[in-house]
Amino acid sequence: MLENIENYFANFADATTTCRTVALWITMALVLAFTVSKLYIAAVGKYSEKYDTSALSGATRILNGAWIIISLIAAAGITAAFTGCYFYDVAKDKDVLVPILFYPLLTVMITVVVGGVTLFVKPCKISKIVCAAVCGSAFIAALVCLIVYYTSGAAVENNYGTDVSSNIGLYLTAAIIAVGIGVLAYFSDRQPTPLDTKTITFGAVCVALSFALSYVRLFKMPMGGSITFASMLPIMLFAFMFGSRKGVFVGAVYGIMQAVQDPWIIHPAQFVLDYLAAFASVGLVGSIRGFGMFKGNMRAQFALGASVACLFRFLNHYFAGVFAFGVYAEGYASEYGIPMLANEYFYSFVYQSMYLLPELAIVIAVGMLVMASSNFRKQIQFYARIKEPIRTAAGAVSSENTVSVTADDGGSGAAEYETGSESSGSDNFR
């Protein structure tokens, strides 16, 4: 398997892979520039006496706003470029487009985007009902097309004769895991926030950023599954801010977009496991905070929440690999001379671990770097109206929206409480 892994550091095989290589280097350059700009502001604040605290705070807000705009422009540019390259490769017979899958899923994605814009412009009850009805109808139509595609035999023919219709395990695991994700999201989100304009805006931005980052692959496994540049992080941050219920919904929308981007679908239940439930589980990152665990320690809440989310995502891909793609296990066992790989359970465990463990490590590492900023943690409090303490450095001065109290971990640090004031301001996996 290792020799068949694609890397995108210098891959110019076709238009799409060339675009991935360019996007990877552009993204790394932007991350480097962002890091340098933040370090510069921090150095100025620490060593320069020319600027007071208010001036530095204003400069930080301007810098953060500028980077949000840059990120959105980059996301839009990357998405547009990849879309063009994909259709170009399809026209040149270097890629495959399945119309009965692609266009219905694309319609679902468009209706969700239009619905989000509608709710942003007019967030009333009637708008919510109409948008929900239209999006739900589009999704049901897409499922019907998926079932037609499968029952026609095209799915089996396009995927090397793999017929999993008689595998009851595929149905059971898809149903059990999907229900488990929904139950955990519902009960962990004890204080759900309303679906207001702010929530819709943040959700749209986070989905756009995750979708763009999913194109920035470091490596791709031979039968699907990629190590990306922390593509899950924006959705994880959204779920952490606004709760697991909204996070799971946004993750499911992102899963549909992944199915549009790079579909490998052989069965409706496998579609649920590999796309809908797998990416919906990313929204469970808010469950640790929702249950009130590790109050005041955002970094611990995020790290453990991300671990829970990735565990559920792993389970989805693992059982999809066992029941939908386990027929390939014997081939790999023969090719590499490892008899244990003939067991579909062991094969799927090894395969999923090869990309999901590095993906988890990257997203937690980047997330912890972001969470290390007390300014960023305060912004999360401010926009999400989180009413719980956060750790700050000893002697830190409270902002006007917080109240200093003694830290509850016995240390010398201080904790701050948010007052809750209103703000004005990939892939397919086997």
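Basis of the calculations
Residues numbered from 1 in each chain as written. Predicted model: local features only at pLDDT ≥ 70, side-chain atom pairs only at ≥ 80, totals over all residues. Heavy atoms only, no water. Helix = DSSP H or I, 4+ residues; strand = E, 2+ residues; numbered from the N terminus. Buried < 20%, exposed > 50% of the residue type's maximum accessible area, 1.4 Å probe, protein only. Areas by Shrake-Rupley, 256 points an atom, 1.4 Å probe, with all protein chains shown as cover. 1 Å grid on protein atoms, 1.4 Å probe; cavity = no way out; pocket = protein on both sides within 12 Å on 5 of 7 lines; lining within 4 Å. Points joined across faces, edges and corners; volume = space filled by probe spheres on them. Nonpolar A, V, L, I, M, F, W, Y, C, P; charged D, E, K, R; others polar. Expected span 1.5 Å × (residues − 1). Contact = heavy atoms within 4.5 Å. Phe/Tyr/Trp six-rings, centres within 6.5 Å; stacked < 30°, edge-to-face > 60°. Lys NZ or Arg CZ within 6 Å of the ring centre and 35° of its normal. Pairing = 2+ DSSP bridges. pLDDT = per-residue confidence, 0-100. Disulfide = S-S within 2.5 Å. Axes fitted to C-alpha atoms, helices over the stretch in contact; angles between N-to-C directions. Parallel < 35°, antiparallel > 145°, perpendicular 65-115°, else oblique. Left-handed = near helix turned anticlockwise from the far one by under 90°.

K.L.:
Outline the overall build of the protein chain, supporting the account with residue identities and numerical values.
P.N.:
From N to C terminus, the protein chain includes 15 helices and 6 strands. By the burial criterion, 48% of the 430 residues in the protein chain qualify as buried. On the protein chain, roughly 20,000 Å² of surface is accessible, and the fraction owed to carbon and sulfur atoms is 69%.

K.L.:
Help me get a handle on empty space enclosed by the protein, residues and values and all.
P.N.:
Its boundaries defined by the atoms lining it, the largest cavity holds a volume of some 30 Å³. L101, L105, A142, L143, L146, I265 and F271 together form the lining of the largest cavity. Here the residues of the lining of the largest cavity are counted per class, giving 7 nonpolar, no polar and no charged.

K.L.:
Could you give me a rundown of helix α3 (residues 99–121), with the residues and numbers involved?
P.N.:
Because each turn of an α-helix spans 3.6 residues, side chains separated by three or four positions in sequence point in the same direction. Its 23 residues place the ends of α3 32 Å apart at the C-alpha level, agreeing with the 33 Å of an ideal helix rising 1.5 Å per residue. Taken together, the buried positions of α3 are occupied by L101, F102, P104, L105, V108, M109, T111, G115, G116 and L119. Turning to α3, the residues buried within the fold contact α2 (53–91), α4 (125–151), α7 (197–215), α9 (244–261) and α10 (268–280).

K.L.:
I'd like a rundown of the packing of aromatic side chains, residues and numbers included.
P.N.:
Going through the model one piece at a time under the given rule, you end up with 14 aromatic pairs. Pairing F202 with F242 gives two aromatic rings, centres 5.5 Å apart and planes at 55 degrees, and the pair type is tilted. Of this pair, F202 sits in helix α7 while F242 is found in helix α8 (residues 233–242), placing the two residues 40 residues apart along the sequence. For F202, a relative accessible area of 24% gives the class partly exposed. Ring geometry for Y347 against Y351: centres 6.0 Å apart, planes inclined by 45 degrees, an arrangement best described as tilted. Remark: Y351 and Y347 occur in helix α14 (residues 344–371); sequence separation between them is 4 residues, near one turn of the helix. The class of Y347 is buried, set by a relative accessible area of 1%. Residue classification places Y351 among the buried positions, given a relative accessible area of 0%. The structure contains a cluster of three or more aromatic residues connected by ring pairs, namely F314, Y318, F319, F323, Y345 and F349. We note R245 situated over the ring of Y186; from NZ or CZ to the ring centre the distance is 4.2 Å.

K.L.:
So what's going on with the pairing of strand β2 (residues 217–220)? Which residues, and what values?
P.N.:
Sheet analysis places β2 next to strand β3 (residues 226–228), joined by 3 bridges and oriented antiparallel. Opposite K220, over in β3, you have S226 as the bridge partner. Count of turn residues in the β2/β3 antiparallel hairpin: 5 residues, of which G224 carries a positive phi of about 100 degrees.

K.L.:
Explain the confidence of the model for the protein chain to me, using residue names and the numbers behind them.
P.N.:
Averaged over all residues, the pLDDT of the protein chain is 77; the fraction at 70 or higher stands at 83%. Every residue in residues 392–430 is under pLDDT 50, and counting partners more than four places away or in other chains gives 102 contacts.

K.L.:
Please give an account of the side chain of T111 that cites residues and values.
P.N.:
The residue T111 is located in helix α3 in this model. Classification of T111 as buried rests on a relative accessible area of 16%. Residues within four places of T111 in sequence aside, it is in contact with V134, C135 and A138.

K.L.:
Go over the state of the cysteines with me, naming the residues and quoting the values.
P.N.:
Counted according to the given criterion, the structure contains 0 disulfides. With no disulfide of its own, C85 lies 4.1 Å from the sulfur of C19, the closest cysteine sulfur.

K.L.:
With reference to specific residues and values, describe the packing of α2 against α7.
P.N.:
At a closest axis distance of 9 Å, the pairing of α2 and α7 adopts a crossing angle of 50 degrees. Compared by their axis directions, α2 and α7 come out oblique. The two elements α2 and α7 meet at a crossing, and its hand is left-handed. Residue-level contacts link S71, L72, A75, I78, T79 and F82 of α2 to V205, A208, L209, F211, A212 and Y215 of α7. Classifying every residue of the contact of α2 with α7 by side-chain character gives 10 nonpolar, 2 polar and no charged.

K.L.:
Describe unusual backbone geometry, naming the residues involved and giving the relevant values.
P.N.:
Phi is positive for A230, close to 55 degrees, though the residue is something other than glycine. In this structure, A230 sits in the loop between β3 and α8. Positive phi values are uncommon outside glycine, yet F294 reaches one of about 55 degrees. As for its position among the elements, F294 is in the loop between α11 (287–290) and α12 (298–323). The class for F294 is partly exposed, based on a relative accessible area of 43%.

K.L.:
Which residues make up the packing of α8 against α9, and what are the values?
P.N.:
The contact between α8 and α9 brings their axes to 7 Å, and the two run at 155 degrees. Between α8 and α9, the angle is such that the two are roughly antiparallel. Considering how the two elements wind past one another, α8 and α9 form a crossing that is right-handed. Residues I235, F238, A239 and F242 of α8 form the contact with α9, whose own contacting residues are S244, K246, G247, V250, G251 and Y254. Among the residues making up the contact of α8 with α9, the classes are represented as 6 nonpolar, 3 polar and 1 charged.

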